[in-house]
Amino acid sequence: RLFQNGCNREKELRDFKRFCDGLKIPMENYICTQIGSRIMQKYLKRFPSYIRTLLINKISKYIEKLMCDTYGNYFCQKLYNISEPEQRIMLLKSIKSSFINISKNTCGAHAIQFIIGESKSEEEKKIIMEYISSHELELSFDAEGTHVMQKIIGSFSENERQNLNDILSLSENIKALSQDVKGMCVIKKLISNTKDKSNVNKIIKGVQEFLEEIAHNPFGNYVIQYIFEEWDANACSNLVEICINNSIIFAGEKY
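Anyway, here's the lowdown on the structure attached to this text. Remember, predicted model here, so these are calculated numbers, not experimental data.

**Some thoughts on the overall build of the protein**
Next, step 1: Helix and strand content of the protein: 20 helices and zero strands.
Next, step 2: Taking 255 residues into account, the globule formula puts the C-alpha radius of gyration at 18 Å, and the protein, at 23 Å, lies well above it.
Next, step 3: Across its three principal directions, the C-alpha atoms of the protein cover 80 × 30 × 25 Å.
Next, step 4: The burial tally for the protein puts 48% of its 255 residues in the buried class.
Next, step 5: The contacts of the protein with a sequence gap of at least 6 include a subset with a gap of at least 24, amounting to 71%.
Next, step 6: For the protein, the computed accessible surface area is about 13100 Å², with 49% contributed by carbon and sulfur atoms.
Next, step 7: Taking the average location of the 34 positive side-chain charges in the protein and that of its 32 negative ones, the two points are 12 Å from each other.

**Details of the packing of helix 4 (residues 49–59) against helix 7 (residues 85–94)**
Next, step 1: Between helix 4 and helix 7, whose axes approach to 10 Å, the crossing angle comes to 5°. One finds that helix 4 runs roughly parallel with respect to helix 7. Along the contact surface, helix 4 presents Ser-49, Arg-52, Thr-53, Ile-56 and Asn-57, while helix 7 presents Gln-87, Met-90 and Leu-91.
Next, step 2: Of the residues assigned to the contact of helix 4 with helix 7, the class counts are three nonpolar, four polar and one charged.

**A look at the pattern of salt bridges**
Next, step 1: Scanning the entire structure with this criterion turns up eight salt bridges.
Next, step 2: Glu-213 serves as the salt-bridge partner of Lys-175, at 3.6 Å between the closest nitrogen and oxygen. In this pair, Lys-175 sits in helix 14 (residues 171–178) while Glu-213 sits in helix 17 (residues 211–215), placing the two residues 38 residues apart along the sequence.
Next, step 3: Across the salt bridge formed by Asp-180 and Lys-182, the nearest N and O atoms sit 3.9 Å from each other.
Next, step 4: When salt bridges with common partners are traced through the structure, they connect Arg-88, Glu-118 and Glu-124 into a single cluster.

**Topic: a nonpolar patch on the surface**
Next, step 1: Residues Phe-228, Val-240 and Ile-244 make up a contiguous nonpolar surface patch of roughly 250 Å² in combined accessible area.
Next, step 2: Counting through the fold element by element, Val-240 comes out in helix 19 (residues 233–245).

**Describing unusual backbone geometry**
Next, step 1: With phi around 75°, Ser-134 is a residue other than glycine that occupies positive phi space.
Next, step 2: Summarising the element assignment, Ser-134 is placed in the loop between helix 10 (122–132) and helix 11 (136–140).

Conventions and cut-offs
Residues numbered from 1 in each chain as written. Predicted model: local features only at pLDDT ≥ 70, side-chain atom pairs only at ≥ 80, totals over all residues. Heavy atoms only, no water. Helix = DSSP H or I, 4+ residues; strand = E, 2+ residues; numbered from the N terminus. Rg over C-alpha atoms; globule rule 2.2 N^0.38 Å. Buried < 20%, exposed > 50% of the residue type's maximum accessible area, 1.4 Å probe, protein only. Contact = heavy atoms within 4.5 Å. Areas by Shrake-Rupley, 256 points an atom, 1.4 Å probe, with all protein chains shown as cover. Lys, Arg positive; Asp, Glu negative; His and termini not counted. Charge placed at Lys NZ, Arg CZ, Asp CG, Glu CD. Axes fitted to C-alpha atoms, helices over the stretch in contact; angles between N-to-C directions. Parallel < 35°, antiparallel > 145°, perpendicular 65-115°, else oblique. Nonpolar A, V, L, I, M, F, W, Y, C, P; charged D, E, K, R; others polar. Salt bridge = Lys/Arg side-chain N within 4 Å of Asp/Glu carboxyl O. Patch = residues over 30% accessible without salt bridge, like charges linked within 9 Å, V, L, I, M, F, W, Y side chains within 5 Å.

This is the structure in structure tokens:
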């Protein structure tokens, strides 16, 4: 019966304070219980906007704990889903120092992927791109972080993630990522979501330098095959020529 219609602001605030004070455990611990997470998700729909703002302020210093919890991460997803633009920015700013750690956590990665998928504004996307800056490879090689990277590539336009495109397209990075099972998935996602000719050429150029080494790798060979499947013959002409020149060697080797 919390926040019934017709309640004034003062009463709503008193009710919210009474609710918080009535909890036998701290709010952040309550949200991390199965029942508490469900109840708080239900209440979120009924909270007036300013109560949600108060709640965000209250839990902001515990946000990493909540997002990395089995039940708390669902609450965080729900909160982001129903929050207004300025509240979403508040939530994003509250995870600035812990974004990478959250992204590398099993539960946290699910919450981050949800946030990425829900982020529509230019400001939200800009903040997320700032958070992963200089951590692109770290996340790509991580068992959970790889899914976060793939979600960004699949959800943001090429222009919105141009810096990420440029980093991943460097020849040394393509070489390393293509030879790792998690990194390979990131490169394949990048290939399937790259249509701009200049970005395609960057990836082709990056692969070309180490094509033979990549092609002989149990994971890297799939990257080469995937490029041929996704892009036309004109874009791949240089790679095709290298493969033809090495056809005898390639034909006698497993991958």
